[in-house]
Amino acid sequence: MFKIKNLTNDNIKIIEQKGNIKVLEYEKDQSLTPDLAQVGYFSEKMNIKKRQVLIELNNDSYTVSAGAMQWMLGNIYGTSNIKGVTDFFGKAIKGAVTNESTSKPVYEGTGLLMLEPTYKHILLEDLNTWGGNMIIDDGLFIACESTIKNNVIMRSNLSSAVLGNQGLFNLCLSGNGIVALESPVPRSELIEIELDNDVIKVDGNFVIAWSKSLDFTVEKSTKNLVGSAISKEGFVNVYRGTGKLLLAPVCNNPIVTLSPLIPSNK
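Note that the structure is a prediction, hence the values are computed from the model and not measured. (Residues numbered from 1 in each chain as written. Predicted model: local features only at pLDDT ≥ 70, side-chain atom pairs only at ≥ 80, totals over all residues. Heavy atoms only, no water.)

Peer 1: Honestly, the overall build of the protein chain in this entry has me stumped. Any pointers?
Peer 2: Along the protein chain, the regular secondary structure elements total 4 helices and 15 strands. Buried residues in the protein chain amount to 42% of all 266 residues. (Helix = DSSP H or I, 4+ residues; strand = E, 2+ residues; numbered from the N terminus. Buried < 20%, exposed > 50% of the residue type's maximum accessible area, 1.4 Å probe, protein only.)

Peer 1: How should I be thinking about the nonpolar core in this particular structure?
Peer 2: In a soluble, globular protein the nonpolar side chains are often hidden away together inside. With 19 residues, the main nonpolar core has Met134, Ile136, Leu173 and Ile208 as its most contacted residues. Among the elements of the structure, β7 (133-136), β8 (141-145), β10 (169-174), β11 (178-183) and β13 (207-211) are those that each provide at least two residues to this core. Setting aside anything within four residues of it in sequence, one finds Leu173 in contact with Leu127, Gly132, Asn133, Met134, Ile136, Phe141, Ile148, Lys149, Asn150, Val179 and Leu181. Judged by nonpolar contacts, the second largest core, of 18 residues, contains Val23, Tyr107, Leu115 and Ala180. (Core = buried A, V, L, I, M, F, W, Y, C linked by side-chain atoms within 4.5 Å. Contact = heavy atoms within 4.5 Å.)

Peer 1: When you look at the packing of aromatic side chains in this model, what are you seeing that I'm missing?
Peer 2: Each pair of aromatic rings is reported with the distance of its centres and the angle of its planes. Overall, the coordinates contain 4 aromatic pairs when judged by the stated rule. Aromatic pair Tyr41 and Phe42: ring centres 5.2 Å apart, planes at 85°, arrangement edge-to-face. Within the aromatic cluster, the residues linked to one another by ring pairs are Trp210, Phe216 and Tyr239. Directly above the ring of Tyr26 sits Lys50, whose terminal nitrogen or CZ lies 4.6 Å from the centroid. Against the face of Phe141 rests Lys104, its NZ or CZ located 5.6 Å from the ring centre. (Phe/Tyr/Trp six-rings, centres within 6.5 Å; stacked < 30°, edge-to-face > 60°. Lys NZ or Arg CZ within 6 Å of the ring centre and 35° of its normal.)

Peer 1: I tried to follow the pattern of salt bridges on my own but got confused; where do I start?
Peer 2: Where charged atoms from two side chains of opposite charge approach closely, those side chains can pair. Enumeration according to the criterion identifies 7 salt bridges in this entry. Between Lys49 and Glu27 there is a salt bridge, with its nearest N and O atoms 3.5 Å apart. Of the two residues, Lys49 sits in the loop between α1 (37-45) and β3 (51-64) while Glu27 sits in the loop between β2 (21-26) and α1, which places them 22 residues apart along the sequence. Residue classification places Lys49 among the buried positions, given a relative accessible area of 11%. Ionic pairing is found between Glu125 and Arg187, a salt bridge with its closest N-O pair at 3.2 Å. With Glu125 in strand β6 (residues 121-126) and Arg187 in the loop between β11 and β12 (191-202), this residue pair connects regions lying 62 residues apart in the sequence. Sharing partners across several salt bridges, the network here consists of Glu125, Arg187, Glu192 and Lys244. (Salt bridge = Lys/Arg side-chain N within 4 Å of Asp/Glu carboxyl O.)

Peer 1: Before we go on, may I ask you to explain the environment of Arg240 in this structure?
Peer 2: Tracing the sequence through the fold places Arg240 in strand β15 (residues 235-247). What makes Arg240 partly exposed here is its relative accessible area of 33%. Between the C-alpha atoms of Arg240 and Lys201, which are 39 residues apart in sequence, the distance is 8.6 Å. In this structure, Arg240 is in contact with Asp198, Val199, Leu214, Asp215, Thr217 and Glu219, ignoring residues within four places of it in sequence.

Peer 1: Would you take a moment to explain the pairing of β8 for this structure?
Peer 2: Each regular strand carries side chains that alternate between the two faces of the sheet. Across the 5 residues that make up β8, a large majority, 4, are buried. Across 3 bridges, β3 lies against β8 in antiparallel orientation. Bridging across to β8, Thr63 finds its partner in Cys144. Note that β8 and β11 share 3 bridges and pair antiparallel. What sits directly across from Cys144, in β11, is Val179. (Pairing = 2+ DSSP bridges.)

Here you go:
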């Protein structure tokens, strides 16, 4: 039995909840030193705030990105999803090609699990609304219910890997439950597009998540190379079929984020 106080207050609020996963947001970063106060002030005005994922376990389990746990309260214990040396090297290779952690620990039991704060935006997605399968861009995964499988899949079309600037492999989340993702932009800026036997062409790495049912290829923006050269678009990422995707206004690239300007909490 435990009691917890001041988990939320006038400055720390729950801004979203799906299932047993909650997103906490700090209205102001009150732990800054005086020399960083100006940075904190303008960060707040631009909605650059600390956010954390809080998971309430009730005799169940959640898979979490390695190193993401900040504290856990109650009868909770962590286990590794590595089953041996061969499995370790296999997961290491998969982690290297997807920019994800080699081992994703599983936390089981009853209590509260708080993850490390981030200045990025946190998305809570229900896989049921994605037909039970979602492919995500590299480095977005934070946590999910352990009933959801994490598999690394290879592109079926080599052109999408060579020209699409999204790598040869991606993490595929399959099953039923809630997934927490770390997004470069807030949900309010993401465009959600549902395709019904249709196609969308995107010039750049702007799609951060898409249904596994969609066929992803890279094609010329026009019918011939001369036309592509004139239009200055070249090749575009093409998603074709029936499914859903999330389209961001900026590329999912750490170079364009402001996180390096924000002081670390460690």
